[in-house]
Amino acid sequence: MAGGWAMIPLALLSLAAVYIFMERYLTLKKAAQNPSGFNDRIKSMVLSGDINGAKMLCAQTNTPISRMIGKGLTRIGNPLKNIETAIENVGKIEISRLERNLAALATIAGAAPMLGFLGTVTGMIEAFIAIAQAEGTISPKLLSSGIYQAMVTTAVGLIIGLPAYVGYNYLVSKIDSIVHSMEYSSIEFLDLLQEPQL
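Throughout, residues of each chain are indexed from 1 in the direction in which the sequence is written. For a predicted model such as this one, the threshold for reporting local features is a pLDDT of at least 70, and the threshold for listing and counting side-chain atom pairs is 80 or more; totals across whole chains, interfaces and linings nevertheless cover every residue. Side-chain measures here rest on the full set of heavy atoms in the structure, leaving out hydrogens and waters.

The name recorded for the chain in an unreviewed UniProt entry is MotA/TolQ/ExbB proton channel family protein, from Pontibacter arcticus. UniProt positions are given in the numbering used here, feature names are shortened, and annotations may be inferred rather than shown by experiment. Looking at the chain in UniProt, the text filed under Sequence similarities (unreviewed entry) is "Belongs to the exbB/tolQ family."

Draft legend 1. Molecular detail of the pattern of salt bridges. Counted as salt bridges are all cases of a side-chain nitrogen of Lys or Arg within 4 Å of a carboxyl oxygen of Asp or Glu. Under the defined criterion, the tally for this structure stands at three salt bridges. Put simply, R24 and E23 hold a salt bridge, and the shortest N to O gap is 2.8 Å. We call a residue buried when its accessible area falls under 20% of the maximum for its residue type, exposed when it is over 50%, and partly exposed in between, using a 1.4 Å probe and counting protein chains only. Taking the relative accessible area as the measure of exposure, R24 reaches 2% and is therefore buried. Given a relative accessible area of 23%, E23 falls into the partly exposed group. A salt bridge links E94 to R97; the shortest N-O distance between them is 3.1 Å. Here E94 and its partner R97 are both found in helix 5 (residues 80-98), three residues apart, which amounts to about one turn of the helix. Look at the salt bridges and you will find they share partners, linking R67, E94 and R97 into a network. Only DSSP runs of H or I reaching four residues or more are called helices, and only runs of E reaching two or more are called strands; each is numbered from the N terminus.

Draft legend 2. Main features of the environment of K55. Relative to the assigned elements, K55 resides in helix 3 (residues 51-60). Note on K55: relative accessible area 31%, which makes it partly exposed. On a C-alpha basis, the gap between K55 and S66 in space is 9.1 Å, while along the polypeptide they are eleven residues apart. When neighbours within four sequence positions are excluded, K55 is seen to be in contact with L73 and T74. Two residues qualify as a contact provided that any one of their heavy atoms is within 4.5 Å of a heavy atom in the partner residue.

Draft legend 3. Representation of the nonpolar core within the structure. Only buried residues count toward a nonpolar core. Its members are Ala, Val, Leu, Ile, Met, Phe, Trp, Tyr and Cys residues joined through side-chain atoms within 4.5 Å. In terms of nonpolar packing, the biggest core is built from 39 residues, with I42, V46, I69, L73, L98 and F189 touching the most fellow members. Among the secondary structure elements, those contributing two or more residues to this core are helix 1 (7-32), helix 2 (38-47), helix 3, helix 4 (64-74), helix 5, helix 6 (102-133) and helix 7 (140-193). It is helix 7 that provides the largest number of residues to this core, a total of eleven residues. Here I69 is in contact with I42, C58, S185, S186 and F189, once residues within four sequence places are set aside.

Draft legend 4. Quick look at the packing of helix 4 against helix 5. Each axis is a line fitted through C-alpha atoms, taken for helices only over the stretch in contact, and angles between the N-to-C directions span 0 to 180 degrees. Where helix 4 contacts helix 5, the axes come no closer than 8 Å and their chain directions differ by 155°. When the axes of helix 4 and helix 5 are compared, the pair comes out roughly antiparallel. Where helix 4 crosses over helix 5, the two elements pack in a sense that is right-handed. In this structure, helix 4 contributes P64, R67, M68, K71 and G72 to the contact, and helix 5 contributes I83, A86, I87, V90, G91, E94 and R97. Our angle categories are set so that under 35 degrees counts as roughly parallel, over 145 as roughly antiparallel, 65 to 115 as roughly perpendicular, and the remainder as oblique. We call a crossing left-handed when the near helix sits turned anticlockwise from the far one by less than a right angle, and right-handed when that turn is clockwise.

Draft legend 5. A look at the UniProt feature "transmembrane region" (unreviewed entry) in the chain. When the UniProt feature table is mapped onto this chain numbering, "transmembrane region" (unreviewed entry) sits at residues 6-22, 102-134 and 146-168. Regarding residues 6-22, the helix share stands at 94% and the strand share at 0%, and the terminal C-alpha atoms are separated by 25 Å. The distance from the first to the last C-alpha atom of residues 102-134 is 48 Å, and the span holds 97% helix and 0% strand.

Draft legend 6. Examining the layout of surface pockets more closely. Of the grid points, spaced at 1 Å and generated over the protein atoms alone, those admitting a 1.4 Å probe that cannot get out make up cavities, while open sets with protein on both sides within 12 Å along at least five of seven lines make up pockets; any residue with an atom within 4 Å of a point is treated as lining. Grid points are joined across faces, edges and corners, and a volume is the space filled by probe spheres set on the points. In this model, the largest pocket occupies a volume close to 250 Å³. Elements with a contribution of two residues or more to the lining of the largest pocket: helix 5 and helix 7. Residues are grouped as follows: nonpolar covers Ala, Val, Leu, Ile, Met, Phe, Trp, Tyr, Cys and Pro; charged covers Asp, Glu, Lys and Arg; every other residue, Gly included, is treated as polar. Looking at the lining of the largest pocket, its residues break down into eight nonpolar, three polar and four charged. The volume enclosed by the second largest pocket comes to roughly 170 Å³. Mapped onto the lining of the second largest pocket, the elements with two or more residues apiece are helix 1, helix 4 and helix 5. When residues of the lining of the second largest pocket are assigned to their parent elements, the largest contribution, four residues, is made by helix 1. Residues of the lining of the second largest pocket, tallied by class, amount to three nonpolar, three polar and six charged.

Draft legend 7. The arrangement of the packing of aromatic side chains in detail. For Phe, Tyr and Trp, where Trp contributes only its six-membered ring, two rings pair if their centres lie within 6.5 Å, and the inter-plane angle classes them as stacked under 30 degrees, edge-to-face over 60, or tilted in between. Applying the stated criterion across every chain yields a total of three aromatic pairs. When the centroid spacing of 6.1 Å and the interplanar angle of 15° are considered together, the rings of F21 and Y25 count as stacked. A residue pair is termed a helical-turn pair when its members lie 3 or 4 positions apart in one helix, as F21 and Y25 do in helix 1 at four residues. What makes F21 partly exposed here is its relative accessible area of 24%. An angle of 45° between the planes, with centres 6.3 Å apart, marks the rings of F21 and Y170 as tilted. Here F21 is found in helix 1, whereas its partner Y170 is found in helix 7, with 149 residues between them in sequence.

See the structure below:
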């Protein structure tokens, strides 16, 4: 508490940043796991005409890719454009799920240092008020205590903000990787539907 009132919101921001990062990290790790051979099994089932088997496989696999392919399978028989639109809509929903709370983490990354600077400014104001009210000679202790409080909030704000910023960019890169996999799988599935066997 040496940093004054600003330390309370900074502590809350740090807890929120850790929670959001860990929750998103675990969610993205789970979303990135596509069972080996999933696409090949779907392809062989569709080519052999076992659409219900492919739907069951998608229902048993809890990933964004499986939900997109599953939606496409339910639309087989419709024009290809309708199937593509259905897959894209599911993809958009899945991406919004992956990006949930990322904006909050980005806000924390920017707000924590600013809050630290605000604590610094108020600490310096308090130090100068104390100097102005002091009678006679000003002791170094009086001057240093206000500056010490001010510097603590700046340091803590940066300590919270920098890891939050790095964590945010890491999560964004993970999401980009998952989205590329989703796009690749959906294109592969649509190409499969255009093969002569169907």
